[in-house]
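Each chain, written out:
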Amino acid sequence: MSKTLFIGGTWQSAASGAEFDTFDPATGVAHARCADAGRPEVDEAVAAARAALDSPSWAGLTPPERAGILWRIGDLIDEHAEELAQLETLDQGQPIGIARMVSVGRTADHFRYYAGWVTKLYGETAPLSHPNVLQYTKREPVGVCALITPWNFPMLIASWKIAPALACGNTVIVKPAEQTPMTTVRLVQLCQEAGIPDGVVNLLTGGPETGRALVEHPGVDKVSFTGSTETGRAIVRASAGNLKRVSLELGGKAPSIVLPDADLDAAVEGCVQGGLFNSGQVCAAYSRFLVHRSLADEFAERCAKAVGQMRLGPGSAPGTDLGPLVSADHLAHVDALARSGVDEGATLLTGGSRADLPGYFFQPTVFTGVRDDMRIAREEIFGPVLTILTYDDEDEAIARANDTEYGLAAAVWTRDLAAAHRVAGAVHAGTVFINMPNPTDAAAPWGGFGASGWGNEMGSGALGLYTEVKSVWTSLA
Ligand code: ADP
């Protein structure tokens, strides 16, 4: 029996005996089994997290002690870096270089970054109009937090949530995506090894039903979710019972606007990298290239050439640029959308179909002649499919970039400083990249406008997601 549930400090299997497989996307072969948590385990985890919230072993820690534990988690991630990277590549499919640098490296950064904040969670005093009154604010933990994560950067996105939640003194129940639970299991083992008290970090492996039970549970105070916009909407509805705090990082359809004076080499390289990183399985992936008509043919030709030189293969193979998609279901989704591009009249420059490899591979694909109303221009593909649209003037480019329900990220490519900031100001997106691809950093806020979500993760903003502000008034009379 798989003991991948961690509840109140004990590793256990599901009482029902239910389990599920997780697959190596490079081969399609199952490589591990996990317990499938049901309602009894959800109840148990919520009770354990609730009991730990006010326990002396957690609430009684001094800020430096709590910071020390978070810092130790970062150190343990470094000590196990290669093992974690290999596991992420096996479970998620990503090239090992991305697993090492981004999935493992940035996860350790997150724990250290928020370790630094533990000793700096200040309140404020305000100059009130009332005489003889002292007022101050405190930041208190929200309580029991359900952290529901997706399959594209499983361990890293878990750290976006676990690190600030713990820094602020909450207790958590982590529910990783059913496609990619294994590095989260390992990360929680490392949290235990670092000295996180029993019940403070709990882990429930399982699928959408497990997530739903957490979101509906009256004993959960907050949900932090990263995933699809559709599931985000379901979470908002389901969390209304006890009016949970909800933060959401959802889908995107990031425009990348190439102005006529752009450095074309940099724009092509950055757009291809920003569009195909992790095989396009990135919520901020550049997925609509809006290219000025004067550059469009040259841009498309160079994109197709750059994409044609990329090596598709298992993430563990040296020299792989593009790994597989995460699952058979997701491969079918990307394939269907690429076909819709052809059916709706876009011109396929390269790729467009599954690759002739075992596992869930899709060829890197470039479409030109894309219209705004095509599905490939409107829907989130989350795969290695680049779409090139042309425009004639800047205002038109901005209006079309903003003609989407999403607003997570955008890019602009230009040598003109004024134009760069004009466009950055006008696009409706939580993050704008000027002349660069689309990384994240623990210190920089990350969040979406519109249907891309609620709230900012990373940076100091995440502290607001995991604390309640209490205002205390005292009569000095
Ligand atoms: P995808 O459809 O690509 O798998 P989702 O956004 O549905 O993406 O899934 C992201 C995470 O949300 C996963 O951990 C999944 O198990 C969980 N999940 C799916 N549906 C629900 C739901 N209704 N309530 C809570 N969690 C859910």
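Our subject is the structure that appears above.
Small disclaimer: the values here were computed from a predicted structure and weren't measured.

Thresholds applied
- Residues numbered from 1 in each chain as written.
- Predicted model: local features only at pLDDT ≥ 70, side-chain atom pairs only at ≥ 80, totals over all residues.
- Heavy atoms only, no water.
- Pairing = 2+ DSSP bridges.
- Helix = DSSP H or I, 4+ residues; strand = E, 2+ residues; numbered from the N terminus.
- Axes fitted to C-alpha atoms, helices over the stretch in contact; angles between N-to-C directions.
- Contact = heavy atoms within 4.5 Å.
- Near = heavy atom within 4 Å.
- Polar contact = N/O pair within 3.5 Å; in protein donor to acceptor, adjacent residues only side chain to side chain.
- Expected span 1.5 Å × (residues − 1).
- Buried < 20%, exposed > 50% of the residue type's maximum accessible area, 1.4 Å probe, protein only.
- Salt bridge = Lys/Arg side-chain N within 4 Å of Asp/Glu carboxyl O.

What the seven strands build is an open sheet, ordered E13-E14-E15-E12-E11-E16-E17; its pairing is mixed. What marks the edges here is a single partner per strand, and that holds for strand E13 (347-350) and strand E17 (431-434). Each strand of the sheet is rotated relative to its neighbour by a mean of 25°, with strand direction disregarded. Relative to strand E15 (residues 385-391), strand E12 (residues 286-292) runs parallel, the two sharing four bridges. Looking at E15, one finds that Val 291 is bridged to Thr 390. The strands that helix H9 (residues 264-276) touches are strand E11 (254-258), E12, E15 and strand E16 (409-413); relative to E12, the one it contacts most, it runs at about 160°.

Surrounding the ligand, one finds 18 residues, the nearest of these being Thr 149, Lys 175, Glu 178, Ser 228 and Thr 231. Within the side chain of Lys 175, a nitrogen or oxygen atom sits 2.6 Å from an oxygen atom of the ligand. For the ligand, an oxygen atom lies 2.8 Å from a polar atom in the side chain of Thr 231. Elements with a contribution of two residues or more to the shell around the ligand: helix H7 (208-216) and helix H8 (229-238). Of all the elements, H7 adds the most residues to the shell around the ligand, at four residues.

On to helix H6 (residues 182-194). In a regular helix each residue adds 1.5 Å, so 13 residues correspond to 18 Å; H6 covers 19 Å between its end C-alpha atoms and thus fits that length. Burial within H6 is extensive, with ten of its 13 residues counted as buried. Turning to H6, its buried residues number three or more, namely Met 182, Thr 183, Thr 184, Val 185, Arg 186, Leu 187, Val 188, Leu 190, Cys 191 and Ala 194. Where H6 terminates, the next one or two residues include Gly 195, which has phi positive at roughly 105°.

This part takes up unusual backbone geometry. Keep in mind that most residues, glycine aside, have a negative phi and that most peptide bonds are trans. You will see that Asn 278, though not glycine, has its phi angle at about 55°, which is positive. Along the polypeptide, Asn 278 turns up in the loop between H9 and E12. Relative accessible area serves as the criterion here: at 3%, Asn 278 is assigned to the buried category. At Ser 279, a residue that is not glycine, the phi angle is positive and equals roughly 55°. On the secondary structure map, Ser 279 appears in the loop between H9 and E12. A relative accessible area of 3% places Ser 279 in the buried class.

With that settled, consider the pattern of salt bridges. The full count for this structure, using the stated rule, is 28 salt bridges. One salt bridge in this structure joins Glu 82 and Arg 100, with 2.8 Å as the shortest N-O distance. Of this pair, Glu 82 sits in helix H3 (residues 81-92) while Arg 100 is found in helix H4 (residues 96-118), placing the two residues 18 residues apart along the sequence. Put simply, Arg 354 and Asp 335 hold a salt bridge, and the shortest N to O gap is 3.5 Å. Residue Arg 354 is located in the loop between E13 and strand E14 (365-368), and its partner Asp 335 is located in helix H11 (residues 328-343); the two are separated by 19 residues in the primary sequence. Look at Arg 354 and you get partly exposed, because its relative accessible area is 44%.

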